[in-house]
Each structure stands twice: as C-alpha cells, then as structure tokens.
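Single-letter residue listing:
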Amino acid sequence: TPLGGAICISGGIKTRDLPLTAKENYVSSDERQKQHPLTDVLIIAGSNDVEYPPNEAMESRKFYSSSNVKVHVQKGKGHEMIKSRVEMQVIMEFLSKRLARRMVSMEGLKGCVPK
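Read on for a plain summary of the structure. (Residues numbered from 1 in each chain as written. Predicted model: local features only at pLDDT ≥ 70, side-chain atom pairs only at ≥ 80, totals over all residues. Heavy atoms only, no water.)

Moving on: the side chain of S10. Residue position: S10 is located in the loop between β1 (6–9) and α1 (20–26). Residue class for S10 comes out buried when judged on its relative accessible area of 8%. Here E80 takes part through its backbone oxygen, which lies 2.7 Å from a polar atom of the side chain of S10. Setting aside residues up to four positions removed in sequence, S10 forms contacts with I44, D49, Y52, K77, G78, H79 and E80. (Helix = DSSP H or I, 4+ residues; strand = E, 2+ residues; numbered from the N terminus. Buried < 20%, exposed > 50% of the residue type's maximum accessible area, 1.4 Å probe, protein only. Polar contact = N/O pair within 3.5 Å; in protein donor to acceptor, adjacent residues only side chain to side chain. Contact = heavy atoms within 4.5 Å.)

One pass over the full model with this rule turns up three salt bridges. With a closest N to O distance of 3.1 Å, K83 and E80 form a salt bridge. Look at E80 and you get partly exposed, because its relative accessible area is 27%. Here E93 makes a salt bridge to K97, at a shortest N to O gap of 3.4 Å. For K97, a relative accessible area of 59% corresponds to the exposed category. (Salt bridge = Lys/Arg side-chain N within 4 Å of Asp/Glu carboxyl O.)

Moving on, we come to the pairing of strand β2 (residues 41–46). Counting buried positions along β2 yields six of six residues, so the element is predominantly enclosed. The side-chain alternation of β2 yields two buried faces, one formed by V41, I43 and A45 and the other by L42, I44 and G46. Note: β1 against β2, four bridges, orientation parallel. Bridged to I7 within β2 is L42. For β2 and strand β3 (residues 69–74), the ladder comprises six bridges, and the chain directions are parallel. Bridging from a neighbouring strand, L42 pairs with K70 of β3. (Pairing = 2+ DSSP bridges.)

Functional significance is not addressed by these values, which are geometric in nature.
Written out as structure tokens, the structure is:
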C-alpha cells in the first residue's frame, strides 16, 4: 500500500539527472497503478529557485503520475524551506485530505474501531 502522502520542499525528482531508463521506471501504467497504487506527492517549488526550478518541478509530475502530484510554485521564493503562510496552507490542505483522524478515546471499545 502507498504512503498517505509525501511532501517535497524545494526538491523532488531531479529530472535532468535521470537517465532515460530510470525515467521509464517512474512512469506508471494504468494496470500497474491498479495493482500498486502510487503515493500522493506535493511539490513546493520557488519561482526563483535555481537548484530545483519550477519547470523541473512541473516536468517531474510525469514521473510520478500526474493525478497523484500537486505542484505549488511560490512566487519570490528561492531554494529554501517554508516561510510563508500560503505555503503552510497548501501543506495543511494536502495533509488534511490524506491523514486519518484517530479516535483514541474510542479505541478499545468493543465494536467501535476495527482492528
């Protein structure tokens, strides 16, 4: 089973460094995806990032599976960690759709939580 999600901040698959055969290994066929679902990925890139430029972030979508990847390009950001409220909101929205809420108070009660 896939992870709930992965978040790449100022990074991801550096497509220009992948040999063609490695790139082909990342591309998922519809049949393979049904058997082995892919992990959802959020890529946060900066519009001024020279190490991992926005065009490379967009290019890397096809190596994951575009339906599983969201790219957010933050205007004015270089190659750095999160420092804006907008970026944090994008991350929180991504996580909120993928994390399950655990009802600790109900654990152990018969019939309430499947094991």
